[in-house]
There are 2 protein chains.
Amino acid sequence: MAETFTPSPLFQRVERARRRKHKIRDEYITLAHGSGGRAMHELVEGLFLEYLRSPMLELLEDQAVFEVGGDAQSAPGAGNGGGVTRLAYTTDSYVVDPIFFPGGDIGRLAVNGTVNDLAMSGARPLYLSAAFILEEGFRIDDLRRVLESMRDAAAKAAVQFVTGDTKVVQRGSADKIFINTSGIGVVESHVRISASRAAVGDKVILSGTLGDHGTTIMIARGELELETEIESDTAPLNSLVADMLDEAARVSTVETIHCLRDPTRGGAATTLNEIAVSSEVYIEIREDLIPVREEVKGACEILGLDPLYVANEGKLIALVSPDVAESMVARMRQNPYGLNARVIGEVKVEPRGIVAMRTGFGGTRIVDMLVGEQLPRIC
Amino acid sequence: MAETFTPSPLFQRVERARRRKHKIRDEYITLAHGSGGRAMHELVEGLFLEYLRSPMLELLEDQAVFEVGGDAQSAPGAGNGGGVTRLAYTTDSYVVDPIFFPGGDIGRLAVNGTVNDLAMSGARPLYLSAAFILEEGFRIDDLRRVLESMRDAAAKAAVQFVTGDTKVVQRGSADKIFINTSGIGVVESHVRISASRAAVGDKVILSGTLGDHGTTIMIARGELELETEIESDTAPLNSLVADMLDEAARVSTVETIHCLRDPTRGGAATTLNEIAVSSEVYIEIREDLIPVREEVKGACEILGLDPLYVANEGKLIALVSPDVAESMVARMRQNPYGLNARVIGEVKVEPRGIVAMRTGFGGTRIVDMLVGEQLPRIC
């Protein structure tokens, strides 16, 4: 991966397109607006951010990090005296279809997803909220199953539910059950992790195989008569992140974990693009290093999907200083959720804001953000 | 209101029924489970609490209050040293139908509702999350209108959006737009407000007229061809609560505001019942003291509704020490959201867990919790 890469005219065109301001031209919401890909970014940046703008929302992280205590609550972000606590705060709604699938259900997903969004800031997740929108006629036995999953997932991730809400809508006004979970965690004062902190030379670490969750959901919908052993990878990643922070503290006094993100909707390709744009760097990954299960590979071929764009619910991508990459991967492999961790690429200077992949044939192709609606209601 | 009240056999029967453990016997979710009344309490206490139980969730408040900082995050609730901050945290989903109505829309409701749930713990609301579930085909111009409302409501309540989420579901799998807002606020260390703190002798203060929001929504559905001037009362109550806390601090060194709740789904009747049960007291209110707009009274008669059970979105009920009640009401009347504040009843000993109303005819009738589905999708 040490060769120099000269940006082609195509790369330069993509780069220019990226710098254009997002504008919403659509008249109606489409499924693509929920895909995690380009249309969603346009909706978020062109509309939600336009109206609901705040300094924290602008960062477009998967969680807000702010200080409370001391003078922090009078002047958010300004306080730095004694008694200041740094909190991470996030929200996600879950509308996955079907609600039960191999490896999990909407309840487990709702807990793990929010735990992971907190963990990706380096936070220790503490408290969750749970808000339910139920469709009239939904089976209470199914609700019990979902709640059991939520209880077990919360126990596993060591978080507590502290507040909640229930709404019921008429039959046909929702689909069985939608769950929103928000969460609060505590971030140690020295931790500074952000999609904007990738540095040239950083190694790109992926914690395991790609595509398990999204492929499972597609198969569970029964649109194809595929018999497979594939399961969702839904898992709480806070223990893995705790191990990584511990390893970073062990090998270095400076912060060496720069970016952490879980590649959910839009897949690893979209996550890497977000980091490349936010940090204004070029990220190059290598196809032959990316782990994908054989069954997932096979199913994706039949389904016409690219595992790079398929949602994961128990994987993370970390960008770390090159000097700690090796020991970090070794440490991650000791955690049950990092057994297949490995370096899959690195960060370079140009062309900024771009992700590309060295293919098996020795070529290099641009890995763009997801365009269109690859998989609606995947989480 | 000074006469002695002897519990009749009916009162005693209601009291015994109250003490039974909630059990879910239903097989399917019905609209009543979302009404805010008895069926919802059974669902929450018999099922959600059973699975998602935590010390804070058990309190069944509209928000969780906990400490962070110091040693608080290692042993929640235990820390009391320097640098501890008390936070309030709440969540609510909004599914109101129609999404636009006289006096507001789903966006304004979603901001004010969560601001108010925080304020009812005495907290100063700071940060909100916003999570959207959009139906494919929803008009982007309508989304703009909703976002404008949210922006304006947040500015008015002096809160910031700091994190968010967007999901899209297929046409027919949701109804236009559902919004979840969660929120975080800071509670001053001396404030201790809870539905379980009502004390015998306390005065019951209502901040204004009852029934405006629920009646507005019913009329806006167009089920009746009524032409009225009625508007939703949706409003942020944090400035009113700040004034009340200030007044309490001015007149007394002890905490004299015992309970604060906003009577939303299930109306004032349900809120007062929650307080009576939680504090194990008898609450007696006087019909002739309860303010209801003439148009609301008229519309409720036609719609077959009792304003005591109709949702409000800009009102609060406070239970305060008798010695501060008069000055508290005077202070509340200086705030635009407390112009019609008044004492409507008081707290007595027996029969515990019961709310009753002295009627215009001099009789006393039990005011039970809402039973059944008075108004689905009111918020």
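Residue numbering note: each chain is counted from 1, following its sequence as written. As they are written, the chains are lettered A onward and the ligands numbered 1 onward, keeping that order. Restriction of local features to residues with pLDDT of at least 70 applies here, the model being predicted, together with a cutoff of 80 or more for giving and counting side-chain atom pairs; totals for whole chains, interfaces and linings are based on all residues. As a convention, hydrogens and water are excluded, and side-chain values are obtained from all of the structure's heavy atoms.

Caption draft 1: Molecular detail of the nonpolar core. Residue types Ala, Val, Leu, Ile, Met, Phe, Trp, Tyr and Cys, when buried and joined through side-chain atoms within 4.5 Å, form a set referred to as a nonpolar core. Only protein chains enter the accessibility calculation, which uses a 1.4 Å probe; a residue is then buried when its area is under 20% of its type maximum, exposed when over 50%, and partly exposed in between. Grouped together as the largest cluster of nonpolar side chains are 78 residues, with contacts concentrated most on F132(B), L134(B), L143(B), M150(B), I177(B), I283(B) and L308(B). To qualify as a helix, a DSSP run of H or I must reach at least 4 residues; to qualify as a strand, a run of E must reach at least 2; elements of each kind are numbered from the N terminus. The biggest single contributor to this core is helix α4 (residues 140-157) of chain B, with 8 residues. An automatic or database domain assignment supplies the residue ranges for each domain. A domain split of this core shows at least three residues from each of domain 1 (9-23 + 194-366) and domain 2 (84-188) of chain B. Contact between two residues is taken to exist if any of their heavy atoms lie within 4.5 Å; hydrogens are not considered. Among all residues touching L143(B), those that are not within four sequence positions of it are I29(A), L43(A), L47(A), F48(A), L134(B), F138(B) and I177(B). Within the second largest apolar cluster, 77 residues are counted, among which are L147(A), L303(A), A311(A) and L375(A).

Caption draft 2: Geometry of the side chain of E313(A). Within the element layout of this structure, E313(A) appears in the loop between α9 (294-303) and β11 (317-320). Despite its burial, E313(A) pairs with no opposite charge, the nearest such side chain being R265(A) at 7.2 Å. Here Asp and Glu are counted as negative and Lys and Arg as positive; His is not counted, and neither are the chain ends. Any Lys or Arg side-chain nitrogen located within 4 Å of an Asp or Glu carboxyl oxygen qualifies as a salt bridge.

Caption draft 3: Representation of the sheet that holds strand β2 (residues 85-94) of chain B within the structure. Residue and element names in this part refer to chain B. In this scheme, strands are said to pair when DSSP sees at least two bridges between them. Strands sit in the order β1-β2-β7-β5-β6 across an open sheet of 5 strands; the sheet is mixed. Since the sheet does not close on itself, it has two edges, and those belong to β1 (64-68) and β6 (160-169), each with one partner. Strand-to-strand twist in this sheet, taken as the mean axis angle between neighbours without regard to direction, amounts to 20 degrees. Of the strand pairs in this sheet, β2 and strand β7 (residues 177-187) are connected by 9 bridges, and their pairing is antiparallel. Paired with S93 across the two strands is N180, which belongs to β7. For helices, the axis comes from a line fit to the C-alpha atoms of the stretch in contact; other axes are also lines fit to C-alpha atoms, and the angle between any two N-to-C directions lies between 0 and 180 degrees. Of the strands in this sheet, β5 (124-135), β6 and β7 touch α4, which is tilted by about 10 degrees from β7.

Caption draft 4: Quick look at the domain arrangement of chain A. All names here are of chain A. What the domain assignment reports for chain A is domain 1 (9-23 + 194-366) and domain 2 (84-188). Relative placement of domain 1 and domain 2: their C-alpha centres are 24 Å apart. The interface is formed by 21 residues belonging to domain 1 together with 19 residues belonging to domain 2. Around 1700 Å² of area is buried between domain 1 and domain 2 when both sides are counted, 61% of it from carbon and sulfur atoms. Note on terms: buried area is the combined drop in 1.4 Å-probe accessible area of two parts once they are placed together, counting the loss on both. Three residues, T234, P236 and N238, lead the burial of domain 1 against domain 2; their summed loss comes to 29% of the area buried on that side. Inspection of the domain 1/domain 2 interface yields 0 salt bridges. Each polar contact in these results corresponds to two N or O atoms within 3.5 Å; when the atoms are within protein, one needs to be able to donate a hydrogen and the other to accept it, and residues that are neighboring in sequence are counted only if both atoms are side-chain atoms. Taken together, the links from domain 1 to domain 2 amount to 7 residue pairs in polar contact (both at pLDDT 80 or more). Of all the secondary structure elements, the ones that give two or more residues to the side of domain 1 that touches domain 2 are α6 (212-220), α7 (238-251) and β9 (257-261). For the side of domain 1 that touches domain 2, the element with the highest residue contribution is α6, accounting for 4 residues. All residues other than Ala, Val, Leu, Ile, Met, Phe, Trp, Tyr, Cys, Pro, Asp, Glu, Lys and Arg, Gly among them, are scored as polar; the first ten of these are nonpolar and the last four charged. For the side of domain 1 that touches domain 2, the residue count by class is 11 nonpolar, 5 polar and 5 charged.

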